[in-house]
Amino acid sequence: MKNNLKLHINGRDHEINVDPGTPLLYVLRNELKLNGPKFGCGLQQCGACMVLIDGEARPSCRMPVGTVLKSKITTLKGLIGNDGALHPVQKAFVKEQAAQCGYCLNGMVISSVALLEKNKNPSDIEIRQELAINICRCGVHSRVIKAVKTAAQDL
Amino acid sequence: MENTRRQFIKKIGSVSIAFAIAEPVYVIGQYFSVEAPENKLNKEEINSWLEVLENGRVRIFTGKLELGQGIRTAIMQMAAEELDTSLDLIEVHMAETGVTPDEGFTAASRSIETSAMSVRQAAASAREIILKIAAKKWELPASELNLKDGRVTGQNKEAYLHEILEGKQIDGAVDSSVAVKGKTVRKYVGQPIPRKDIETMVRGDQIFVQDLRFPGMLHARVVHPPSYTSKIVSVNAAEIEELPSLVKMVRKDSFIGVLAEKEYEAISLAQQVKSLVSWDAPSALPDQNELKSYLKSLPVEEKVQENRGNAESVLATSEHKLEASFFKPYLMHAANGPSCAVAFFENDMLQIWSHCQGAYPLRRTIAKLMEMPEDSVNVKAVPGSGCFGHNGANDVATEAALLAREYPGRHIRLQWSRDDENRWEPFGTAMIADLQASLNADGKIAAWKCDVWSDGHSNRPNENPNTLLPSFFLEKDYGHPGIGYRGGAWRNAAPYYTIPNLKVDSHMFQGPLRISSLRSLGTYTNIFAIESFMDELAEKAGKDPFQFRLEHSEDPRAIECIMKLQPKVEGLKLKNNEGLGIAFSRYKNATSYCAMAAKVHVNRANGKVRVEKLWAVVEAGETINPDGLKNQVEGGMIQSASWALLEEVKFGSTHITSLDWATYPILRFPDTPEVEVEIIDRVEEPAVGAGEASMAPTTAAIANAVYKACGVRIRSLPITKELLKS
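Residues numbered from 1 in each chain as written. Chains lettered and ligands numbered in written order. Predicted model: local features only at pLDDT ≥ 70, side-chain atom pairs only at ≥ 80, totals over all residues. Heavy atoms only, no water.

1. Concerning the domain arrangement of chain B
Residue and element names in this part refer to chain B.
- Taken domain by domain, chain B holds domain 1 (13-202), domain 2 (210-280 + 333-424) and domain 3 (555-726).
- For domain 2 versus domain 3, the separation of C-alpha centres amounts to 37 Å.
- In this complex, domain 2 contributes 12 residues to the contact, which on the side of domain 3 involves 9 residues.
- Here domain 2 packs against domain 3, burying approximately 910 Å² in sum over the two surfaces, 59% of which is carbon and sulfur.
- For the interface between domain 2 and domain 3, the tally reads 0 salt bridges.
- Where domain 2 meets domain 3, there are 3 residue pairs in polar contact (both at pLDDT 80 or more). (Domains from an automatic or database assignment. Contact = heavy atoms within 4.5 Å. Buried area = accessible area lost by both parts, 1.4 Å probe. Salt bridge = Lys/Arg side-chain N within 4 Å of Asp/Glu carboxyl O. Polar contact = N/O pair within 3.5 Å; in protein donor to acceptor, adjacent residues only side chain to side chain.)

2. Digging into helix H15 (residues 556-569) of chain B
Residues and elements named next belong to chain B.
- Across its 14 residues, H15 extends 21 Å between first and last C-alpha, which sits within 8% of the 20 Å expected from 1.5 Å per residue.
- Along H15, the residues classified as buried are Arg 557, Ala 558, Cys 561, Ile 562, Leu 565, Gln 566 and Val 569.
- In this structure, the buried residues of H15 make contact with helix H14 (545-551), strand E21 (578-586), strand E22 (593-603), strand E23 (608-619) and strand E24 (674-680).
- Two to three positions downstream of the cap, the backbone nitrogen of Arg 557 sits 2.9 Å from a side-chain oxygen, assigning the N-cap of H15 to Asp 555. (Helix = DSSP H or I, 4+ residues; strand = E, 2+ residues; numbered from the N terminus. Expected span 1.5 Å × (residues − 1). Buried < 20%, exposed > 50% of the residue type's maximum accessible area, 1.4 Å probe, protein only.)

3. A short note on the interface of chain A and chain B
- Chain A puts 54 residues into the contact, and the matching count from chain B is 62 residues.
- For the pair chain A and chain B, the two sides together bury roughly 4800 Å², of which 53% comes from carbon and sulfur.
- On inspection of chain A and its partner chain B, the count reaches 6 salt bridges.
- In this structure, Glu647(B) and Arg137(A) form a salt bridge, with 2.7 Å as the shortest nitrogen-oxygen distance.
- Mapped onto the side of chain A that touches chain B, the elements with two or more residues apiece are helix H1 (24-31), helix H2 (76-79), helix H3 (88-95), helix H4 (105-118) and helix H6 (141-154) of chain A.
- Ranked by residue count, the leading element in the side of chain A that touches chain B is H6(A), at 5 residues.
- A class-by-class count of the residues in the side of chain A that touches chain B yields 29 nonpolar, 16 polar and 9 charged. (Nonpolar A, V, L, I, M, F, W, Y, C, P; charged D, E, K, R; others polar.)

4. Here's the deal with the domain arrangement of chain A
Residue and element names in this part refer to chain A.
- By domain assignment, chain A separates into domain 1 (3-79) and domain 2 (88-154).
- Look at where the C-alpha atoms of domain 1 and domain 2 centre, and you get two points 21 Å apart.
- With 20 residues of domain 1 in contact, the opposing surface of domain 2 contributes 12 residues.
- For the pair domain 1 and domain 2, the summed buried surface comes to about 1300 Å²; carbon and sulfur atoms form 65% of the total.
- Three residues, Met 50, Leu 76 and Leu 79, lead the burial of domain 1 against domain 2; their summed loss comes to 37% of the area buried on that side.
- Our enumeration of links across domain 1 and domain 2 arrives at 0 salt bridges.
- Along the contact surface separating domain 1 from domain 2 lie 5 residue pairs in polar contact (both at pLDDT 80 or more).
- Contributing elements (two or more residues each) for the side of domain 1 that touches domain 2: strand E3 (50-53), strand E4 (56-59) and H2.
- Take the side of domain 1 that touches domain 2: its biggest share by element is 3 residues, from E3.
- Looking at the side of domain 1 that touches domain 2 residue by residue, the class counts come to 12 nonpolar, 7 polar and 1 charged.

5. A closer look at unusual backbone geometry
- Following Leu717(B), the chain continues into Pro718(B) via a peptide bond in cis, with omega recorded as -5 degrees.
- Mapped onto the elements of the fold, Pro718(B) is located in the loop between helix H17 (695-710) and helix H18 (721-725).
- Located in the positive-phi region is Gln44(A), a residue other than glycine, with phi close to 60 degrees.
- Among the structural elements, Gln44(A) can be located in the loop between H1 and E3.
- Its relative accessible area of 40% is what places Gln44(A) among the partly exposed residues.

6. A look at the packing of helix H2 (residues 71-83) of chain B against helix H3 (residues 112-138) of chain B
All names here are of chain B.
- Running from amino to carboxyl end, H2 crosses H3 at an angle of 25 degrees, the nearest separation of the two axes being 8 Å. Considering their axes alone, H2 and H3 lie roughly parallel with respect to each other. Considering how the two elements wind past one another, H2 and H3 form a crossing that is right-handed. Contact residues: Ile 71, Ala 74, Ile 75, Met 78, Ala 79, Glu 82 and Leu 83 in H2; Ile 112, Ser 115, Ala 116, Met 117, Val 119, Arg 120, Ala 123, Ala 124 and Arg 127 in H3. (Axes fitted to C-alpha atoms, helices over the stretch in contact; angles between N-to-C directions. Parallel < 35°, antiparallel > 145°, perpendicular 65-115°, else oblique. Left-handed = near helix turned anticlockwise from the far one by under 90°.)

7. Points about the packing of aromatic side chains
Residues and elements named next belong to chain B.
- Counted under the stated rule, the structure contains 14 aromatic pairs over all chains.
- Relative to Phe 473, the ring of Trp 424 lies with its centre 5.4 Å away and its plane at 85 degrees, an arrangement referred to as edge-to-face. Of the two residues, Trp 424 is situated in helix H12 (residues 418-424) and Phe 473 in the loop between strand E19 (445-454) and strand E20 (501-508); the sequence distance between them amounts to 49 residues. Taken as a pair, Trp 424 and Phe 473 share a single burial class, namely buried. (Phe/Tyr/Trp six-rings, centres within 6.5 Å; stacked < 30°, edge-to-face > 60°.)

8. Digging into the nonpolar core
- Residues Leu50(B), Val152(B), Tyr330(B), Leu350(B), Trp448(B), Ile702(B) and Val706(B) are the most contacted members of the largest nonpolar core, which totals 198 residues.
- Counting residues per element, this core draws most heavily on H3(B), at 12 residues.
- Excluding residues within four positions of it along the chain, Ile702(B) makes contact with Ala598(B), Val600(B), Val611(B), Leu614(B), Ala641(B), Leu645(B) and Ile719(B).
- Ranked by size, the runner-up nonpolar core spans 42 residues in total, among them Val94(A), Ala147(A), Ala151(A) and Ala152(A). (Core = buried A, V, L, I, M, F, W, Y, C linked by side-chain atoms within 4.5 Å.)

Given below as structure tokens:
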């Protein structure tokens, strides 16, 4: 059944009329027109749909929206400053040209932001472990690792 | 719509207004245009490629699509160089029927060789014509005029391009005799110009077909059968019609789909419908454990592909002879994002937004399937998740079109599930390469024989509707489309080495699974076999792998490539259970060169192979964008390592069982190798594509490194723990 739900997304409150069982991914993409989180598998296996839930990188494809009403939800749009400036992680991905098709980029950036929040200077191995959920078919892994390190210096 | 050259184009209000995307970088279909009759866009005409806009801006048209390979940027660099115009003033409009030239498919690493070169010549020709017009207008010699950043200047005159042309477009043919600046000036070409779309992506702006949203758009899901041949026996339509939130169920023969207002409703509906449909006759697939012998037991079409000297008789009498049989399983494209499309049907016109690789071929084939006139179908290619060949893109677009026809006036967005993609995409075929070779008294190759077994390598939409998945579900039979492109099977089957006696025979079968083009086609298997075998032969001859390859190479470009690799790995300290392997290939024996080294660690106890580092030296003639080229080569190295170590499409007796990332694992961050790429830039040579160059040599180098590490020859992929324990 549809309910009026209050969500806190990218620093703003939103009221949305939706079934609380709907996975967060579809609410973000379709109700709020946020393109960051992508549908990749719907099985929490690939990381394409990741968002920050209270600062933690989590897949949104199976997360019922009703379970995150009290959380701060952040997507790629929410990382951008009020002046339009990119977050250092976003900037680093552009600088290192760490993408090919870019479909996985959302998850990569979200995972990297969460990692750098708790570890300001991660090693290669720590980066690899933290991003293990993020599938990339194009093979830009080495550039992503470089981008995370570049971002770590700028943060 | 400003100043467009295509005066015949009118917009259908509902379509163009509905298309609400207004991105600064990616103007996805800002003027999606649908009105027939369409001019045949003539590739000989400059204005098929280039349109002069106001204020110095220029729009380039290409029939190719950005697939993540950076072709948009490469094409911008081409135009910028010839027009000496800042990249900010150049936009690129990609594959759309009726708007861009028909350039077939964005495939086979051909976009640089074809489209980018056409744009280069068209822009150079445009430059000369504009200077001539300005010279006449101002009564000045053309040699005293200068074109820069969309303006022509001379003495005290200055005007934008569109002012010189007085609002008209350039009327004239592409002149192949005009010298291009890209070979000499290289202000933009040859430079590592960053792609602009990466910023669009990190900002979370609209870019993919999955991101398209239209007012009133409905969400669709399809319910696919349990096997390739299953047909619907019964549908509990009464109960389906009662399902809450169902907008419409569409059923045509054994094709069935649902429409809903909300995406998650469509997902739930499809799950419920699945339990209300019964199917018959599952396909009987062969036993996967016996796949290699099964494929060899199939009827084949045999052909001699290459025969020089007298390979068979030399081999028959040779004392120093080796033979080996190599196997590669079915592989999945496995795009990160499952296929998706939007379709809109109204007034007998069909519009499709698709991440297909060929807008025109898809249009022609869908028109046949739907029995519509070709010019009533328009396809606009929009980026999707990286495809690496022919995946479910065309199929989902066709299914969306079938659904849209049953619900006119609303946009229909069909998103495949992971399961849909994995079960139904056309795979890269399994292959077998049987090799025999002999050495002469000097330890050089005297004779070589290759027998390659393969299914076809492309069943792309070819006007036969049976190349589109829904034909599996519809009763009408369009006739067998054939096995597709055979040439992919023996691509690179003849070694690019000096061998006096050589024979290559092809054995084409029709295998049990749906197949089409996968990155590098048969080259992957053939080079894995050849380069593994070269190491075996080198060992038999008592020679170093570098030396043995160089002794059999004549092409100075190949030699330079191999020699540049050598110092990178020479003297490398290897620990216990580590091995270093090398490989080389020239893609298609005609385009880009790639020499590869791999360092691996093998743990035979648990069967784990870790590719620690890969080094590549690549030469693709004239380099257009060194960073773009590097990105492609690096990506190929990591993807190939994944194929080599992990990938194999699994199937049971009725259908595919590799349904997700757990049952079709690919290499993830903790296991991806470090990669290092050096480029040799040969400005004087034609630019060739390199998107597929590193695939085959990477796997071959890994296989050779595994042997060095643990003494097991890899003759079958993927490199499983069973192989290593044997």
